[in-house]
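Chains, contacts and geometry: an overview
Single-letter residue listing:
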There are 2 protein chains.
Amino acid sequence: MNKPQITIKDIARALNVSPSTVSRALKNNPDISQETRDLIHAYAHEHNYKPNAQAVNLRAGRSNTIGVIVPQMVHHFFSCVLSGIEQASSEAGYNIIVAQSNESYEQEVKIVHSFLAARVCGVIASLAKETSHYEHYQELLENNIPIVFYDRICTGIKTERVVVDDYAGSFAAVEYMIQTGCKRIYFYGASPHLEITKNRRNGYLDAMKKYKIPVDDSMILLCDTRERAIAITPDLLESPERPDGFFAINDETAAGILYACKLVGLKVPDEVSICGFTNGVIAQSTDPKLTTVEQHGEEVGKSAFNILYEKLEGEEKSPNKIVRTNLVVRGTTK
Amino acid sequence: MNKPQITIKDIARALNVSPSTVSRALKNNPDISQETRDLIHAYAHEHNYKPNAQAVNLRAGRSNTIGVIVPQMVHHFFSCVLSGIEQASSEAGYNIIVAQSNESYEQEVKIVHSFLAARVCGVIASLAKETSHYEHYQELLENNIPIVFYDRICTGIKTERVVVDDYAGSFAAVEYMIQTGCKRIYFYGASPHLEITKNRRNGYLDAMKKYKIPVDDSMILLCDTRERAIAITPDLLESPERPDGFFAINDETAAGILYACKLVGLKVPDEVSICGFTNGVIAQSTDPKLTTVEQHGEEVGKSAFNILYEKLEGEEKSPNKIVRTNLVVRGTTK
């Protein structure tokens with residue numbers, strides 16, 4: 001069904017010249033007569049000849065294709081990152097093969113092997129939540145395929161990385177909540193082994209420490225989805241020592257906390273303050289709108305591509321990049 | 001920087017055998033002695049040899065890579081479609097090169113040419129809002145590259161397509177609003193030349209007609225973003241013949257209408273009913289939650305891949321596919 005496109009050999013056969021004549025004519029080599037060049041160009045144009053990018057890259061021993069691993073595609077922040085990578089790579093003339101791990105380690109390993117077989121020239125990746133072994137990424141490096149990690153980075157192997165300033169973002173958010181009157185702020189985080197959880201928790205802990213507010217383990221919880229927030233928050237809100245503030249690792253979780261507050265009849269932000277992390281479409285849609293940390297996903301994606309591009313082009317100047325966050329104050333905080 | 005991976009020729013040179021011996025040994029051809037086979041397998045394993053997918057595909061005259069065009073990546077429905085395409089293609093052993101048109105005709109043409117150069121074996125696409133010429137897609141067909149359109153389809157050329165049941169989805173939604181008491185329902189649509197706008201508008205018009213409710217041109221507006229909804233809705237709500245219902249072409253616009261109702265102090269759903277189209281994260285985040293038409297984006301993506309796959313594999317049985325919608329009734333309707 002899918003007939004191959006016309007090749008240099010086809011043109012050579014049709015016009016009864018050698019393939020090398022066709023190749024040189026198409027490059028306007030003056031060794032070939034103007035007449036023959038015109039004839040070959042006309043035939044190539046008429047038959048929709050396109051240089052075969054695969055063949056060109058194969059000769060050069062590399063492709064101009066980058067493999068991109070996204071933990072989940074249906075996710076505002078990752079969509080923004082992917083959009084940033086796509087824009088930057090398209091401008092630079094690179095294609096991107098995109099695959100999602102669906103947070104599965106096994107799927108991530110499979111993707112890396114498919115990228116090796118596709119001979120990608122570089123990889124941009126963010127770890128699946130369950131990934132804690134890195135041999136598959138090591139295998140890419142052993143094949144001289146550079147990797148740039150973004151957001152959920154891998155500290156186990158030596159690669160470039162782009163992170164958002166998780167520590168400063170959460171420090172600023174929690175400090176703002178304390179300054180506007182919160183005294184008992186809970187932290188809802190993702191898997192504790194992820195760097196983003198560690199860094200955001202440290203920002204939270206240091207802000208609490210700065211204002212001499214005691215924190216105990218019961219105030220730090222594993223909760224990174226709307227459903228779980230709705231499941232666990234009402235009991236906390238009805239306990240004697242109820243939270244008067246929540247700092248959540250993403251907007252979806254923050255929206256779940258807001259929903260739970262309404263369920264038990266507590267007013268946001270008068271009685272409970274809530275801050276998320278992302279600043280996606282959810283933050284604009286809740287009532288009141290969410291206070292949140294803007295994560296600049298497109299900038300993360302563009303930076304990741306640019307660092308990889310510099311490595312691929314041999315300009316080894318690229319440092320790791322930290323994308324600054326900023327607090328967007330809306331209606332869920334005082 | 002990016003050194004080519006080890007090839008059959010490298011192995012042949014290192015072990016002082018011919019490339020064809022290596023090739024046959026790697027395929028466990030019994031013409032090669034067991035000893036030599038073991039030696040070659042051991043060397044290949046040690047040096048991370050991977051068959052070059054590019055070369056294999058080049059020999060077969062085609063790639064196993066599909067080009068996917070998405071109008072916007074940061075968009076719930078398109079993220080879902082992309083996720084569905086990715087899952088189905090990954091299971092079938094195909095890679096996807098993903099590019100976004102950003103709703104630009106010019107960018108869409110550029111993407112099609114980059115897909116031709118990358119020798120994709122097929123294309124899955126949804127039109128940019130501003131696209132109304134289709135020569136670039138015609139060029140793909142002339143190169144025997146099959147196309148499957150999804151959602152924003154192209155009726156100008158003969159290709160397969162996957163659409164959601166826009167007409168039935170909007171008919172059911174508007175009928176529900178009429179049955180729950182709305183008498184003056186406005187339609188907020190996207191560009192009038194898009195098939196999705198035409199079909200959803202027709203569903204709206206036919207539902208109104210069925211219940212003998214008059215519709216005039218002032219009730220059908222071009223409005224498909226939150227910002228525009230917030231800009232144009234308050235005046236309408238304060239006019240003497242104000243709407244008591246809105247059917248919006250996406251959830252983002254519906255959320256903007258809800259915001260506008262709150263601005264002017266009208267109660268939703270008691271005084272104004274609102275229905276969106278998508279059923280993404282926005283619909284869960286508004287207060288009250290949105291009534292909307294579920295669009296089943298992942299199913300659209302999987303169907304688009306499956307139709308393309310059948311064409312590529314020569315099983316020409318694939319019909320066009322209509323993915324059924326269903327109305328999800330929540331808090332913005334009575």
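Residues numbered from 1 in each chain as written. Chains lettered and ligands numbered in written order. Predicted model: local features only at pLDDT ≥ 70, side-chain atom pairs only at ≥ 80, totals over all residues. Heavy atoms only, no water.

**Section: the sheet that holds strand 7 (residues 220-222) of chain A**
All names here are of chain A. The condition is simple: When DSSP finds two or more bridges between two strands, those strands count as paired. Helix and strand definitions here come from DSSP, where helices need a minimum of 4 consecutive H or I residues and strands a minimum of 2 consecutive E residues; each element is numbered from the N-terminal end. Orientation is described by axes fitted as lines to C-alpha atoms, over the contacting stretch for helices, and by angles from 0 to 180 degrees between their N-to-C directions. What makes two residues a contact is simply this: any of their non-hydrogen atoms within 4.5 Å.
The strand order across the open sheet built from six strands is 7-6-8-9-10-12, with neighbouring strands paired in mixed fashion. Each end of this open sheet is capped by a strand with a single partner; those strands are strand 7 and strand 12 (326-328). Neighbour-to-neighbour, the strand axes of the sheet open up by a mean angle of 20°, direction not taken into account. When strand 6 (residues 185-189) meets strand 8 (residues 245-248), the two strands line up parallel, connected through four bridges. Residue pairing in the sheet places Ile185 in a bridge with Gly245 of strand 8. The strands touched by helix 11 (residues 251-264) within the sheet are strand 6, strand 8, strand 9 (273-278) and strand 10 (291-294), with strand 9 carrying the most contacts at an inclination of about 160°.

**Concerning the confidence of the model for chain A**
To be explicit about the condition: Think of pLDDT as the predictor's per-residue confidence, scored from 0 to 100.
With 94% of its residues at a pLDDT of at least 70, chain A reaches an overall mean of 91. Model confidence for the complex: the whole-complex pTM is 0.79, and ipTM, which rates the interface, is 0.78.

**Focus: the nonpolar core**
Defined as follows: Throughout, nonpolar core names a set of buried Ala, Val, Leu, Ile, Met, Phe, Trp, Tyr and Cys residues whose side chains join them through atoms within 4.5 Å. Remark: exposure states derive from per-residue accessible area (1.4 Å probe, protein chains only) relative to the maximum for the residue type, with buried under 20%, exposed over 50%, and partly exposed in between.
Ile66 of chain A together with Ile66 and Tyr188 of chain B are the most contacted members of the largest nonpolar core, which has 127 residues in total. Among the nonpolar cores identified, the runner-up in size contains 42 residues, and Ile97, Val120 and Ile157 of chain A together with Cys154 of chain B belong to it.

**Description of the pairing of strand 2 (residues 95-100) of chain A**
Residue and element names in this part refer to chain A. Quick note on the threshold: By convention, a crossover is right-handed whenever its connection, traced from the first strand over the helix to the second and viewed with the strands pointing away, goes clockwise.
The buried fraction of strand 2 amounts to six of the six residues, a majority that puts the element mostly inside the structure. Judged by which residues are buried, strand 2 turns out to be covered on both faces: Asn95, Ile97 and Ala99 on one side and Ile96, Val98 and Gln100 on the other are all buried. In terms of handedness, the path from strand 1 (residues 65-70) via helix 5 (residues 76-92) over to strand 2 forms a crossover that is right-handed.

**With respect to helix 7 (residues 135-142) of chain B**
Residues and elements named next belong to chain B. This is how it is decided: Throughout, the arc means the angular range of directions from the helix axis out to the C-beta atoms.
Taken together, the buried positions of helix 7 are occupied by His136, Tyr137, Glu139 and Leu140. Taken around the axis of helix 7, the buried residues stretch over an arc of 150°, which confines them to a single face. Contacts from the buried residues of helix 7 go to strand 1 (65-70), helix 6 (105-117), strand 3 (122-125) and strand 4 (147-150). Immediately downstream of helix 7, the backbone of Asn144 shows phi near 60°, a positive value.

**Some words on the sheet that holds strand 8 (residues 245-248) of chain B**
All names here are of chain B. As summarised here, the arrangement of the six strands in space is 7-6-8-9-10-12, forming an open sheet in which the pairing is mixed. Edge positions in the sheet fall to strand 7 (220-222) and strand 12 (326-328), since each has one partner strand and no second. The average angle at which neighbouring strand axes cross in this sheet is 20°, direction not considered. Judged from the three bridges that link them, strand 10 (residues 291-294) and strand 12 form a sheet pairing that is antiparallel. For Thr292, the partnering residue across the bridge sits in strand 12 and is Val328.

**Observations concerning the packing of helix 5 of chain A against helix 13 (residues 297-312) of chain A**
Residues and elements named next belong to chain A. Heads up, the rule is: Our angle categories are set so that under 35 degrees counts as roughly parallel, over 145 as roughly antiparallel, 65 to 115 as roughly perpendicular, and the remainder as oblique. In this scheme, a crossing is called left-handed if the near helix is turned counterclockwise away from the far one by less than a right angle; it is called right-handed if the turn is clockwise.
Packing of helix 5 against helix 13 leaves a shortest axis separation of 6 Å and a crossing angle of 40°. In terms of orientation, helix 5 lies oblique with respect to helix 13. Crossing geometry of helix 5 relative to helix 13 is assigned as right-handed. Facing helix 5, whose interface residues are Phe77, Cys80, Val81, Ser83, Gly84, Ile85, Gln87, Ala88, Ser89 and Ala92, helix 13 presents Gly297, Glu298, Val300, Gly301, Lys302, Phe305, Asn306 and Tyr309.

**What to know about unusual backbone geometry**
Backbone torsion omega between Asp287 of chain A and Pro288 of chain A reads 0°, so that peptide bond is classified as cis. Inspection of the secondary structure puts Pro288 of chain A in the loop between helix 12 (281-285) and strand 10. In this structure, Pro269 of chain B follows Val268 of chain B across a cis peptide bond, with omega equal to 10°. Despite not being glycine, Asp151 of chain A has its phi angle at roughly 60°, a positive value. Along the polypeptide, Asp151 of chain A turns up in the loop between strand 4 (147-150) and strand 5 (160-164). A positive phi angle, close to 65°, is found at Asn279 of chain A, a residue other than glycine.

**Here we look at the side chain of Ser126 of chain B**
Residue and element names in this part refer to chain B. The following threshold applies: Whenever a nitrogen or oxygen atom comes within 3.5 Å of another N or O atom, the pair is scored as a polar contact, on the condition that within protein one atom can donate a hydrogen and the other can accept it, and that pairs from neighbouring residues in sequence are kept only if both atoms are in side chains.
Within the secondary structure, Ser126 is located in the loop between strand 3 and helix 7. Within the structure, Ser126 has its side chain in polar contact with the backbone oxygen of Tyr150 (distance 2.9 Å). A distance of 3.2 Å separates a polar atom in the side chain of Ser126 from the backbone nitrogen of Arg152.

**Re the side chain of Thr292 of chain A**
Residue and element names in this part refer to chain A. Tracing the backbone through its elements, the reader meets Thr292 in strand 10. On the basis of relative accessibility, which here comes to 0%, the residue Thr292 falls in the buried class. A polar atom in the side chain of Thr292 sits 3.3 Å from the backbone oxygen of Gly276. At a separation of 3.4 Å, a polar atom in the side chain of Thr292 contacts the main-chain amide nitrogen of Thr278. The contacts of Thr292, once residues within four sequence positions are left out, are Asp251, Cys275, Gly276, Phe277, Thr278, Asn279, Ala283, Asn326, Leu327, Val328 and Arg330.

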